[in-house]
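# Inside the fold
Listed below, chain by chain, are the residues.
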Amino acid sequence: RVYRAECLFYEPLDWLRKMLLGGLLMLLHRGSIAQVFCGLLISFAFGMIHMGLRPYRKGPTNWLKACIEIQIFLTMLVSLVVSLVLVPARARPSF
């Protein structure tokens with residue numbers, strides 16, 4: 001058993017995160033700031049859920065998963081900043 005007994009629901013929750021980041025974001029306007037911003041919000045929300053639950057039995061596994069969540073969040077944040085800097089204001093799609 002990988003998860004603590006009270007966190008057995010975490011595996012479907014992690015699948016939801018993967019589906020949202022991999023599937024929902026594809027439905028949004030490709031390359032738009034809205035797409036990156038939604039990814040940023042999703043990664044932040046699931047990162048906070050993980051930090052609060054710490055669902056794995058072993059501490060190092062929780063730390064590794066936390067580092068992965070932080071890396072995904074930082075990737076989305078850098079993508080948002082680059083999109084805001086590189087895309088001229090008049091070329092940005094409105095929300």
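Structural notes, computed from the coordinates. It should be emphasised that the depicted structure is a prediction, and the values quoted were computed from it without experimental measurement. (Residues numbered from 1 in each chain as written. Predicted model: local features only at pLDDT ≥ 70, side-chain atom pairs only at ≥ 80, totals over all residues. Heavy atoms only, no water.)

A few words on the overall build of the protein. Counting secondary structure elements, the protein contains 3 helices and 0 strands. Along the protein, helices and strands appear, N-terminal first, in the series α-α-α. At 16 Å, the protein has a C-alpha radius of gyration far larger than the 12 Å of a compact globule built from 95 residues. By its C-alpha atoms, the protein is 50 × 20 × 15 Å across when sized along the principal axes. The proportion of buried residues among the 95 residues of the protein is 29%. For the protein, restricting intrachain contacts to residue pairs at least 6 apart in sequence, the fraction spanning at least 24 positions comes to 65%. A total accessible area of about 6600 Å² is found for the protein, and carbon and sulfur atoms account for 73% of it. (Helix = DSSP H or I, 4+ residues; strand = E, 2+ residues; numbered from the N terminus. Rg over C-alpha atoms; globule rule 2.2 N^0.38 Å. Buried < 20%, exposed > 50% of the residue type's maximum accessible area, 1.4 Å probe, protein only. Contact = heavy atoms within 4.5 Å. Areas by Shrake-Rupley, 256 points an atom, 1.4 Å probe, with all protein chains shown as cover.)

Bringing the packing of helix H2 (residues 33–53) against helix H3 (residues 59–86) into the picture now. Remark: H2 packs on H3, axes separated minimally by 9 Å, with the N-to-C direction vectors making an angle of 160°. Here H2 is positioned roughly antiparallel relative to H3, judged by the angle of their axes. Here H2 and H3 pass one another in a crossing that is left-handed. Residue composition of the contact of H2 with H3, by class: 15 nonpolar, 7 polar and 2 charged. (Axes fitted to C-alpha atoms, helices over the stretch in contact; angles between N-to-C directions. Parallel < 35°, antiparallel > 145°, perpendicular 65-115°, else oblique. Left-handed = near helix turned anticlockwise from the far one by under 90°. Nonpolar A, V, L, I, M, F, W, Y, C, P; charged D, E, K, R; others polar.)

Taken together, the side chains of Phe44, Met48, Met51, Ile70, Leu74, Leu77, Val78, Val81, Val82, Val85 and Leu86 define a hydrophobic patch exposed on the protein surface, amounting to about 990 Å² of accessible area. Mapped onto the nonpolar patch, the elements with two or more residues apiece are H2 and H3. For the nonpolar patch, the leading source of residues is H3, giving 8 residues. Along the polypeptide, Leu86 turns up in helix H3. (Patch = residues over 30% accessible without salt bridge, like charges linked within 9 Å, V, L, I, M, F, W, Y side chains within 5 Å. Salt bridge = Lys/Arg side-chain N within 4 Å of Asp/Glu carboxyl O.)

All right, on to the side chain of Asn62 then. Mapped onto the elements, Asn62 comes out in helix H3. Classification of Asn62 by relative accessible area gives buried; the value is 9%. A distance of 3.0 Å separates a polar side-chain atom of Asn62 from the backbone oxygen of Tyr56. Those residues in contact with Asn62 that sit more than four places away from it in its chain are His50, Arg54, Pro55 and Tyr56. (Polar contact = N/O pair within 3.5 Å; in protein donor to acceptor, adjacent residues only side chain to side chain.)

A word on the nonpolar core. The biggest cluster of nonpolar side chains holds 10 residues, and these are Leu21, Leu25, Ile33, Val36, Leu40, Ile42, Phe46, Ile72, Met76 and Leu80. Looking at this core, the elements with two or more residues in it are helix H1 (10–27), H2 and H3. Here the element with the most residues in this core is H2; it accounts for 5 residues. Here Leu21 is in contact with Gly39, Ile42, Ile72 and Met76, once residues within four sequence places are set aside. (Core = buried A, V, L, I, M, F, W, Y, C linked by side-chain atoms within 4.5 Å.)

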